[in-house]
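# Chains, contacts and geometry: an overview
One letter stands for each residue in the lines below.
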Amino acid sequence: MASSDLSHVRKMWRDDRASAALGIELVDVGVRDGLGFAETTMPIGREEVNGHDIAHGGYLFTLADSTFALACNASGQLTVASGADISFIASARLGDELRCVAVERARFGRSGITDVTVTRVADGALIAEFRGRSRSLPDRIAQKERS
């Protein structure tokens, strides 16, 4: 881990019941050159497969969004999503394990941009690309949120 104190982001992750319910597991989180990064994995189970017998796009979005949240909060400032876009490239199927990597690309003022890539562990196939836009909360609001 590149950052020495990640207790804030680890607490955020421990309290994230939505991600836990989907079986999303944290592999790594940290800060490199002042920008956050994170890696997670998620299995595709029966509950994540839609009527076409492929992974539901909403669950892929949730995986990417959860990993995005880890990366943009890694630097220690309370940060939330201000928007995101996802492109579905290939289908994931029942039994696939997905790997998700998020890398902050830029921080400017209280805003940021984070790119997230979702791949299939078995063959490295690109499943989805997600770009998240973040907004850090002012310190006075962040303090209130944390208490």
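Look a little higher up for the structure.
Everything quoted here is computed from the prediction, not taken from an experiment.

Looking now at the side chain of E39. Looking at the secondary structure, you find E39 in strand β2 (residues 35-43). Reaching out from E39, the side chain makes a polar contact with the side chain of R99 at a distance of 2.8 Å. With residues near it in sequence (within four places) discarded, E39 still touches E25, L26, V27, D28, T67, R99, C100 and V101.

With 17 residues, helix α3 (residues 57-73) should cover 24 Å at 1.5 Å per step; its first-to-last C-alpha distance of 24 Å lies within 8% of that length. By the burial criterion, the buried members of α3 are L60, L63, A64, S66, T67, F68, L70, A71, C72 and N73.

Reading across from one edge, β1-β2-β4-β5-β6-β3 is the order of the six strands in this open sheet, with antiparallel pairing throughout. The open sheet has two free edges, formed respectively by β1 (25-32) and β3 (79-88), since each of these has just one partner strand. Looking at each pair of strands side by side, their axes are set apart by 15° on average, direction ignored. Here β1 runs beside β2; their pairing, made up of seven bridges, is antiparallel. Within the sheet, the bridge partner assigned to D28 lies in β2 and is E39. Contacts from helix α1 (residues 7-14) reach β1 and β2 within the one sheet, and its direction differs from that of β1 by about 155°. Its contacts with the sheet put α3 on β1, β2, β3, β4 (97-108), β5 (111-120) and β6 (126-136), and the angle it makes with β4 is roughly 45°.

What follows deals with the nonpolar core. Residues V29, I44, L63, L98, V116 and V118 are the most contacted members of the largest nonpolar core, which totals 29 residues. Here this core gets seven residues from one element, more than from any other, and that element is α3. With residues up to four places along the chain from it excluded, the contact list for V116 reads A64, F68, C100, V101, A102, A128, E129 and F130.

Looking now at the packing of aromatic side chains. Each aromatic ring pair is described using two quantities: the centre-to-centre distance and the angle formed by the ring planes. A complete count under the given rule lists two aromatic pairs for this structure. A ring pair is formed by F68 and F130, whose centres lie 5.7 Å apart and whose planes are at 55°; its orientation type is tilted. Taken together, the residues F68 in helix α3 and F130 in strand β6 connect sequence positions 62 residues apart. Across this residue pair, the class does not change: F68 and F130 are buried. An aromatic cluster is defined as three or more aromatic residues linked by ring pairs; in this entry it consists of F61, F68 and F130.

Reading guide: rules and limits
- Residues numbered from 1 in each chain as written.
- Predicted model: local features only at pLDDT ≥ 70, side-chain atom pairs only at ≥ 80, totals over all residues.
- Heavy atoms only, no water.
- Helix = DSSP H or I, 4+ residues; strand = E, 2+ residues; numbered from the N terminus.
- Polar contact = N/O pair within 3.5 Å; in protein donor to acceptor, adjacent residues only side chain to side chain.
- Contact = heavy atoms within 4.5 Å.
- Expected span 1.5 Å × (residues − 1).
- Buried < 20%, exposed > 50% of the residue type's maximum accessible area, 1.4 Å probe, protein only.
- Pairing = 2+ DSSP bridges.
- Axes fitted to C-alpha atoms, helices over the stretch in contact; angles between N-to-C directions.
- Core = buried A, V, L, I, M, F, W, Y, C linked by side-chain atoms within 4.5 Å.
- Phe/Tyr/Trp six-rings, centres within 6.5 Å; stacked < 30°, edge-to-face > 60°.

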